[in-house]
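Tertiary structure, described
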Amino acid sequence: MQYIPNILFIIALAAGIGYFTFNIRKIIRNIKLGQKVDASDHKSQRWSNVFRIALGQSKMVVRPIPGLLHIFVYVGFVIINIEVLEIIIDGIFGTHRVLSTVLPTGLYNFLIASFEILAFLVLVGVILFWTRRNIQKLKRFWAREMKGWPKNDGNIILYFEMVLMILFLTMNAADQSLQSLGVAHYVEAGSFPISQFIVPFFDGLSEGTLMVIERSAWWLHILGILAFLNYLYFSKHLHILLAFPNVYFGRVVPQGKFKNLASVTAEVKMMMDPDADPFAAPDEDATEAPAKFGASDVMDLSTTQLLGAYTCTECGRCTSVCPANMTGKLLSPRKIMMDTRDRLEEVGRNIDKNGEFKPDDKQLLNDYILPEELWACTTCNACVEACPVSIEPMSIIMDMRQYLVMEQSAAPQELNTAMTNIENNGAPWPYNQQDRLNWMDEN
Ligand code: SF4
Ligand code: SF4
């Protein structure tokens, strides 16, 4: 009988970690549907990006207030989870505050005190985030693509974090009361700068009631953490985990440098060279033309772009600086990332059901992202610059445009005219090359 809580704990832990692993494997499988990317270059720069951007949150502090709040929540949430290690050991072996028996008293007290202060800061940060979303109603959280699930998701995660922090502090407060009553099993350990203010609410409660409160908060806290872990898969909060690989695999070439297809470049060079021989044997180094130009569905995108779709936090920093969006165009770079993830999830469900992908008469282009959105992009790179986790919505836009132009000849009329002029006149204007210097005659 006395081992029942330990057995229940082990079952809950195994179920929580097992289901999480099951879903993470699905995410990895889905990301691998994309085109392989060679990221073996610039290793030191990639690691430096991880430390600076993902761990150091360097891009978050560009907007200091939300940046600072986010650092509180992030650091607090990560460090408090050291406490989870103790909870897991206690849960499995039936001990209580086991780390207090192995760590020096001063260090243990310092750790518990730090966890409490961080928990309080997380609580403050989360309440302010909730206020910004729901009372202040910041424009970027109320955009067209933020209706329904994305809006609820943003709030659910905040409620989750509030409840977890309150449970943590309640558990410590009840523990203190039990320690001061000298109840067996509740060893005197820890320093409680925040939860000491909750203790007076427990005055006069019996030992049994206090134990029920402490055990309930303890169980709900760890079950809540396991639920949170599994909720990540369905949420934009996957960035807690994926920001690190996403930054590592992110852009290391200069901002704005376009990806050119060698086969197309060779073709254009030949077209522009009046001495070129169109019947000459291809260069030995010439790159084979790809089976398909650009991207019309998620499988045509790179693994990095698909990883970015799962990493997107839906913060809207990209959309808030997008000139096309600001001037009322349909384009929102955040929506490009959300649509890519939604379509990828749909493809994943198709594979789950059929064992392999069965064509479903849908694709990312048109069913999720409209050409009107793609052609509104000015390729200014502001979205890429603004993203705190190094996602590149613009690269997806460019790949899809490439598909429209090269596979479907479906560029807007203005572009078609400019491209025809380049082909015929070597410049985007409708003037014959021989007439170029006519303007000089007018002077
Ligand atoms: S690159 Fe395109 S999508 Fe990104 S901010 Fe500029 S216009 Fe908007
Ligand atoms: S792409 Fe980056 S900036 Fe845009 S919503 Fe996603 S995380 Fe935020």
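All values derive from a computational prediction rather than experimental measurement. (Residues numbered from 1 in each chain as written. Chains lettered and ligands numbered in written order. Predicted model: local features only at pLDDT ≥ 70, side-chain atom pairs only at ≥ 80, totals over all residues. Heavy atoms only, no water.)

The next subject is the domain arrangement of the chain. By domain assignment, the chain separates into domain 1 (4-31 + 63-238) and domain 2 (262-267 + 291-425). Here domain 1 and domain 2 have C-alpha centroids that lie 38 Å from each other. With 20 residues of domain 1 in contact, the opposing surface of domain 2 contributes 24 residues. Across the interface of domain 1 and domain 2, roughly 1,900 Å² is buried in total on both sides, 48% from carbon and sulfur atoms. Scanning the region where domain 1 abuts domain 2 turns up three salt bridges. Notably, a salt bridge pairs R334 with E145, separated by 3.0 Å at the nearest N-O pair. Inspection of the region where domain 1 meets domain 2 yields 12 residue pairs in polar contact (both at pLDDT 80 or more). For the side of domain 1 that touches domain 2, the leading source of residues is helix α1 (residues 4-31), giving five residues. Residues of the side of domain 1 that touches domain 2, tallied by class, amount to 11 nonpolar, two polar and seven charged. (Domains from an automatic or database assignment. Contact = heavy atoms within 4.5 Å. Buried area = accessible area lost by both parts, 1.4 Å probe. Salt bridge = Lys/Arg side-chain N within 4 Å of Asp/Glu carboxyl O. Polar contact = N/O pair within 3.5 Å; in protein donor to acceptor, adjacent residues only side chain to side chain. Helix = DSSP H or I, 4+ residues; strand = E, 2+ residues; numbered from the N terminus. Nonpolar A, V, L, I, M, F, W, Y, C, P; charged D, E, K, R; others polar.)

With that settled, consider the nonpolar core. Grouped burial of nonpolar side chains is what soluble globular proteins tend to show. One finds M165, L331, L374 and M400 to be the most contacted residues of the largest nonpolar core, which totals 82 residues. Both domains that meet at this core, namely domain 1 (4-31 + 63-238) and domain 2 (262-267 + 291-425), each give it at least three residues. Ranked by size, the runner-up nonpolar core spans eight residues in total, among them A174, L178, V183 and Y186. (Core = buried A, V, L, I, M, F, W, Y, C linked by side-chain atoms within 4.5 Å. Buried < 20%, exposed > 50% of the residue type's maximum accessible area, 1.4 Å probe, protein only.)

Next up on the list: the site of ligand 1. Near ligand 1, the surroundings consist of 13 residues, among which C322, C377, C380, N381 and C383 are the closest. Elements represented by at least two residues in the shell around ligand 1 include exactly α16 (382-386) and α17 (393-408). The residue inventory of the shell around ligand 1, partitioned by class, reads 10 nonpolar, three polar and no charged. (Near = heavy atom within 4 Å.)

The next thing to look at is the pattern of salt bridges. Inspection of every chain in the model, using the stated rule, returns 15 salt bridges. Measuring nitrogen to oxygen at the nearest pair gives 2.9 Å for the salt bridge that ties R343 to D297. In this pair, R343 sits in helix α13 (residues 333-354) while D297 sits in the loop between α9 (262-272) and α10 (303-311), placing the two residues 46 residues apart along the sequence. Here R343 falls in the buried class, since its relative accessible area comes to 0%.

Attention shifts here to the packing of aromatic side chains. Taken as a whole and assessed by the stated rule, the structure comprises 10 aromatic pairs. Ring geometry for Y19 versus F22: centroids 6.2 Å apart, planes at 20 degrees, classification stacked. Taken together, the residues Y19 and F22, both in helix α1 and three residues apart, mark about one turn of the helix. Between W149 and Y231 the ring centres are 6.1 Å apart and the planes differ by 65 degrees, which places this aromatic pair in the edge-to-face class. Of this pair, W149 sits in helix α6 (residues 149-180) while Y231 sits in helix α7 (residues 207-231), and the two are 82 residues apart along the sequence. In this structure W149 comes out as partly exposed when scored by relative accessible area, which is 42%. For Y231, a relative accessible area of 12% translates into the label buried. Every member of this aromatic cluster is reached through a ring pair, and the members are W149, F160, F228 and Y231. Positioned above the aromatic ring of W142 is the side chain of K137, whose terminal nitrogen or guanidinium carbon lies 4.7 Å from the ring centre. Above the ring of W218, the side-chain terminus of R215 is found at 4.6 Å from the ring centroid. (Phe/Tyr/Trp six-rings, centres within 6.5 Å; stacked < 30°, edge-to-face > 60°. Lys NZ or Arg CZ within 6 Å of the ring centre and 35° of its normal.)

Attention now moves to α1. Look at α1: 41 Å from first C-alpha to last across 28 residues, which is about the 40 Å you get at 1.5 Å a residue. All of the buried residues along α1 are N6, F9, L13, G16, F20, N23, K26, I27, N30 and I31. Looking at the buried residues of α1, the elements they touch are α3 (64-93), α7, α8 (239-249), α10 and α13. (Expected span 1.5 Å × (residues − 1).)

Neighbouring residues of ligand 2: 13 residues in total, closest C312, C315, G316, C318 and C387. Only α11 (317-320) and α13 provide two or more residues apiece to the shell around ligand 2. When grouped by side-chain class, the residues that make up the shell around ligand 2 number eight nonpolar, two polar and three charged.

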